[in-house]
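So you can see what is in the structure, the chains are spelled out below.
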Amino acid sequence: MASERPVIAVEGLKKTFLQGFFRRRVEAVKGVSFEVRAGEIFGFIGPNGSGKTTVIKMLTGLIAPTGGVATLFGEPVPSARARARIGFSPENPYIYPYITPREFVEMCGALSGLRGRELRDLAMSSLERTGVAYAADRPARALSKGMQQRTSIAAAILHDPELLILDEPMSGLDPVGRKEIRDLILEEQARGRTVFLSTHILADVESICERVTVLKRGEVVISGALRDLLGGEVHHTEIVVDALAPEVRAALVAEGVSVSARGVHTLIEVVGGRGAGEVLRRVVEAGAEVVAVQQKRESLEELFMRRAI
């Protein structure tokens, strides 16, 4: 699925806003660079105010950059031809309160050049895929935020775009809805689509994205393949046991090893990759029953908190 030319290429992208009566300069994006390859799910994350949505607005042509270069499918943005190959769901979709999901999705499809029976069939198919078909004829004002989010995603996938740009697609969704949208994203990738995913839900990024770029105050602070970013040394080792002798427990605690209850079991946490083998040997020799041993590496959330906050 990969190609030599990236689907999205951003080099030194900048955006400065002029705010207030005195036109104070605010640098929202400060020389951001990254690439999104064909066929991948790319995570774009950062704390509130980091510039993520501003970058997305520049990529989709909603605002013009102050500096730098961005291309979609090799064409400089804004490009009408490139936009025709994109499906976009914004962070806060606005659906007119008196129209229905069916009407909204069909309206978006008409803007993409679809007509007649094909448009009607594709609209219902998209609403079914995003779980909104049962409410297709309810006015949008009667829908929850999560249902409006699903409707926006249905409009984004309607015309079978090559690139999906999703800004906080899980916003307002319950755990079941989050899983369904994750599955839909994976389905789109399996069909050869490229997905640019911006979200605050780091567990979702870690579970489905291949590469990520993390922004902080308008600058890139982390970028690369997740397997490289999170594939470092063991952070700590968890040993779950039963029937741990009190004297062994006391000795481990005295040595600074964390020992705590985990349900009906006992959890022993050994920091770093070394020392776990010795602790395991001691508890086994003392007659404890080992339930589980798991080495833990740094999670995306831990990396994010360490580098982006």
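First, a word on scope: everything that follows refers to the structure included in this document. (Residues numbered from 1 in each chain as written. Predicted model: local features only at pLDDT ≥ 70, side-chain atom pairs only at ≥ 80, totals over all residues. Heavy atoms only, no water.)

Attention now goes to the sheet that holds strand 8 (residues 194–198). Taken in spatial order, the six strands make up an open sheet running 6-7-8-3-9-10, and their pairing is mixed. Each edge of the open sheet is held by one strand with a lone partner, namely strand 6 (86–89) and strand 10 (219–225). On average, each strand axis in the sheet is tilted by 15° relative to the strand beside it, whichever way the strands run. Bridge count for strand 7 (residues 163–167) against strand 8 is five bridges, and the pairing is parallel. Its bridge partner lying in strand 8, Leu-166 is registered against Leu-197. Where helix 1 (residues 52–59) meets the sheet, its contacts fall on strand 3 (41–45), strand 6, strand 7, strand 8 and strand 9 (211–216), and the angle it forms with strand 8 comes to roughly 145°. Helix 6 (residues 175–190) contacts strand 3, strand 7 and strand 8 of the sheet and is inclined by roughly 135° relative to strand 3. (Pairing = 2+ DSSP bridges. Helix = DSSP H or I, 4+ residues; strand = E, 2+ residues; numbered from the N terminus. Axes fitted to C-alpha atoms, helices over the stretch in contact; angles between N-to-C directions. Contact = heavy atoms within 4.5 Å.)

Once that is clear, we can look at the environment of Ser-126. By secondary structure assignment, the location of Ser-126 is in helix 4 (residues 116–129). Residue Ser-126 is classed as buried on the basis of its relative accessible area, which comes to 5%. The spacing of Ser-126 and Asp-160 is 34 residues in sequence and 9.8 Å in space, taken between C-alpha atoms. (Buried < 20%, exposed > 50% of the residue type's maximum accessible area, 1.4 Å probe, protein only.)

Ile-45, Ile-185, Val-195, Leu-197, Cys-209 and Leu-300 are the most contacted members of the largest nonpolar core, which totals 27 residues. Once residues lying within four places of it in the same chain are set aside, the contact partners of Val-195 are Glu-40, Ile-41, Phe-42, Leu-164, Leu-166 and Ile-185. (Core = buried A, V, L, I, M, F, W, Y, C linked by side-chain atoms within 4.5 Å.)

Following the sequence through the fold, Ala-82 ends up in helix 2 (residues 80–83). Between the alpha carbons of Ala-82 and Val-7 there is a distance of 9.9 Å; along the sequence they are 75 residues apart. Ignoring sequence-local partners within four residues, the contact set of Ala-82 consists of Leu-72 and Phe-73.

Spatially, the four strands line up as an open sheet ordered 2-1-4-5, and their pairing is antiparallel. The sheet is open, and its two borders are formed by strand 2 (24–36) and strand 5 (75–76), each paired with just one other strand. Strand direction decides the pairing type here: strand 1 (residues 8–19) and strand 4 (residues 67–72), joined by five bridges, are antiparallel. Residue pairing in the sheet places Glu-11 in a bridge with Val-69 of strand 4.

Within the fold, Ser-260 resides in strand 12 (residues 258–262). Separated by 143 residues in the primary sequence, Ser-260 and Arg-117 place their C-alpha atoms 63 Å from one another. Non-local contacts of Ser-260, meaning those with residues more than four positions away in its chain, are made with Arg-249, His-265, Thr-266 and Leu-267.

The residue after Val-77, namely Pro-78, is reached through a cis peptide bond having omega 0°. In this fold, Pro-78 is placed in the loop between strand 5 and helix 2. Even without glycine at this site, Asp-160 takes up a positive phi of about 55°. The class of Asp-160 is partly exposed, set by a relative accessible area of 37%. Positive phi values are uncommon outside glycine, yet Ala-243 reaches one of about 60°. Mapped onto the secondary structure, Ala-243 falls in the loop between strand 11 (234–242) and helix 9 (246–254). Exposure remark for Ala-243: the relative accessible area of 62% places this residue in the exposed category.

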